[in-house]
Amino acid sequence: MADPSSYRPSPGQIPDSPGVYKFRDEHRRVIYVGKAKNLRQRVASYFQDLAGLHPRTRTMVTTAASVEWTVVSTEVEALQLEYTWIKEFDPRFNVKYRDDKSYPYLAVTLNEEFPRVQVMRGAKKKGVRYFGPYGHAWAIRETVDLMLRVFPVRTCSAGVFKNAARTGRPCLLGYIDKCSAPCVGRVTPEEHRELAEDFCDFMAGRTGTYIRRLEKDMAQAAEEMEYERAARLRDDAGALKRAMEKSAVVLADATDADLIAVAEDELEAALQIFHVRGGRVRGQRGWVTDKVEAVDTAGLVEHALQQLYGEERGESVPKEVLVPALPEDTEAVSQWLAERRGSQVSLRIPQRGDKKDLMATVQRNAQQALGLHKTKRASDLTTRSRALEEIAEALGLDTAPLRIECYDISHLQGDDVVASMVVFEDGLARKSEYRRFQIKGFEGQDDVRSMHEVIGRRFKRYLQEKERTGEWEETPDATPGATVPTAPGSALAGPVPTGPAPVPTGPAPAPTGSAPTGSAPTGSAPTGPAPTGPVPAPALTAASPADEIEPREDDGRPKRFAYPPQLVVVDGGQPQVAAAKRALDELGIDDIAVCGLAKRLEEVWLPDDDDPVVLPRSSEGLYLLQRVRDEAHRFAITYQRAKRAKRIRSSPLDDVAGLGETRKQALIKHFGSVKKLRQATIEEICEVPGIGRRTAESVAVALAATAPAAPAVNTATGEIMEEDDGGTS
């Protein structure tokens, strides 16, 4: 790792002009290229304190061994030179968009004597007119087949063309009038080129001229009673219309525009482009890239514009480019695009109307592309195995963590505090093992304390399961009545049970936060004779209803919370990791690794370490940890929102046993509000269909218990504030 100060240029050496700079490593390879309005300010920003740099930037400057720069006269020249150098040197720390597949184009080889229409992939060639890209090659062939009726341009290969010229016989398309047969001299090279140019004009969106011309010729032929020719022209016009219908109208003003949308996370970005010509979507393509440099959405857009239009000229650059965020040097980028097109180019963010709606569609496509890319990446067995090995190596584990549990805390300003536990086995989500928790040990906002409580409750249950099933290994030299030294609060604190049936001699620990009023303090000896059988393990206060049911030992089903993970991941940094480790230490568990993933910089924190573990941005291990963390966050926030919504919709009638939703609605409908129902007598409540006397008494008791102590009074006016007549409280 190089020290940036060893190759830092003095400020006086760097000019304050526009220019392009490049960092080289110790082998003189270019690893990063950038541009700047002011080279002095930009280059100097890389040599500040390493702790203040973004992790990606920090990695780049410590990998580099020298920096060079080139001064240019304008920002547009800097943009062009930056693109040229990125293409030439392929630096590892620059964002590079790569197609997620090879898209087919409809190409017209205008550089040949007899232009040919064909499907082409790969790098674009000079002198060839391209249309697209298309999602599938068959879509191009269908369009071409329809248009050859009107524009019978050559589609055959060079070998077929030469063979037909040698024999003097055209191919099948020449006999069915879908080729003008220039190979046998039916048309001159000039006439064939005119057909090819008309074909290109139609594909470029100038469709109305040709359809109107065909319809005019058809009407004229009909007047002259040339009905066969009129019918052929009618079919030709119909073929062109069907070709147009294959791409729906999305912009009514026949706009030529490219719409670019970006979906991104901390590690990757997906970019989608819709090519709109003549108001119709003529092509679509998508790119996915690793975010190997510190870049925001505007920077991703600028890189995309460079790579998309860097080799284009003329009409290949549209009049409008619609983007989700404007590049930092918007004026310079717009001028660069205008130079490539040869006329003004509008670069802007759509604000309203059809263009904004279409941009939302492109954005959805980008999000789906990113999700699909992540799903494919996560489902690959080799990739998952490599990710687990990278995690084990980075965290110093003896074996790959085949079972990973991740915990996250969610709340809204300290209310409805909940936690989630998600499980990944062999790198894949095991949703049947997910658990949800309500934080009941305290009230308010304290993520660290909440994390300690959740980890403690989960692994206390794990120890109880091991003890109940006899999996807990006794100390080899333990004697009857001996005590295993455990941390305070451990479920196994107290004498070691002996004999076939474990008989605890200490108190059964109460569930966290659920001790009844008047119960003995924790740790006090119970009065009366000691129990003669196994004492049921305390129930874990978890939100999952299934957790309330104790699984039988002999049913063969997996025991809940009975399987320990090899790695516990918490969403957070040092404080959350320390809280989780402290909870495990208090239970005497020392064989489970703990780490935390801080979202801001994607750093991995270990207990008792002052510095985080920084995994490479392209690491499959970091990608897996991020996916586990994001899934825990999603599961927690989904539960928190559902819990909050349920609380908002709660009613005093919810506490009445045996009163279902239908009869609650019947009561509210009959009386009009909870307030009027509270004022009703038991006899009046019994008048509601389906409500018996016992239920009516339960309703009256429940409403009386929740009645307000006294009406609220507005101190300014003396007015008595009416109780809310709604169905909630």
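Residues numbered from 1 in each chain as written. Predicted model: local features only at pLDDT ≥ 70, side-chain atom pairs only at ≥ 80, totals over all residues. Heavy atoms only, no water.

## Details of helix H8 (residues 208–223)
Reasoning step 1: Over its 16 residues, H8 runs 23 Å from end to end, which matches the ideal 22 Å to within 8%, given 1.5 Å per residue.
Reasoning step 2: Buried within H8 we find Tyr210, Ile211, Leu214 and Ala221. Each buried residue of H8 sits inside an arc of 100° when the element is viewed along its axis, so together they form one side. Across H8 from its buried face, at more than 90 degrees, point the exposed residues Arg212, Lys216 and Glu223.
Reasoning step 3: The first or second residue beyond H8 is Met225, which carries a positive phi of 60°. (Helix = DSSP H or I, 4+ residues; strand = E, 2+ residues; numbered from the N terminus. Expected span 1.5 Å × (residues − 1). Buried < 20%, exposed > 50% of the residue type's maximum accessible area, 1.4 Å probe, protein only. Arc of directions from axis to C-beta.)

## With respect to the sheet that holds strand S3 (residues 66–71)
Reasoning step 1: Strand order in the open sheet formed by three strands is S2-S1-S3, with antiparallel pairing between adjacent strands. Among the strands making up the open sheet, the edge pair consists of strand S2 (30–36) and S3. Ignoring strand direction, the axes of neighbouring strands in this sheet form an average angle of 20°.
Reasoning step 2: Across six bridges, strand S1 (residues 19–24) lies against S2 in antiparallel orientation. Pairing of Tyr21 across the sheet is with Gly34, part of S2. (Pairing = 2+ DSSP bridges. Axes fitted to C-alpha atoms, helices over the stretch in contact; angles between N-to-C directions.)

## Comments concerning the sheet that holds strand S7 (residues 129–131)
Reasoning step 1: If you trace the three strands from one edge of the open sheet to the other, you get S6-S5-S7, paired in antiparallel fashion. Looking at strand neighbours, the two that pair on one side only are strand S6 (117–120) and S7, the edges of this open sheet. Averaged over all adjacent pairs, the angle separating strand axes in this sheet is 35°, with direction ignored.
Reasoning step 2: Alignment of strand S5 (residues 105–108) against S7, held across three bridges, turns out to be antiparallel. Across the sheet, Ala107 pairs through a bridge with Tyr130, a residue of S7.

Interpretation note: all reported values are geometric properties and have no functional meaning in isolation.
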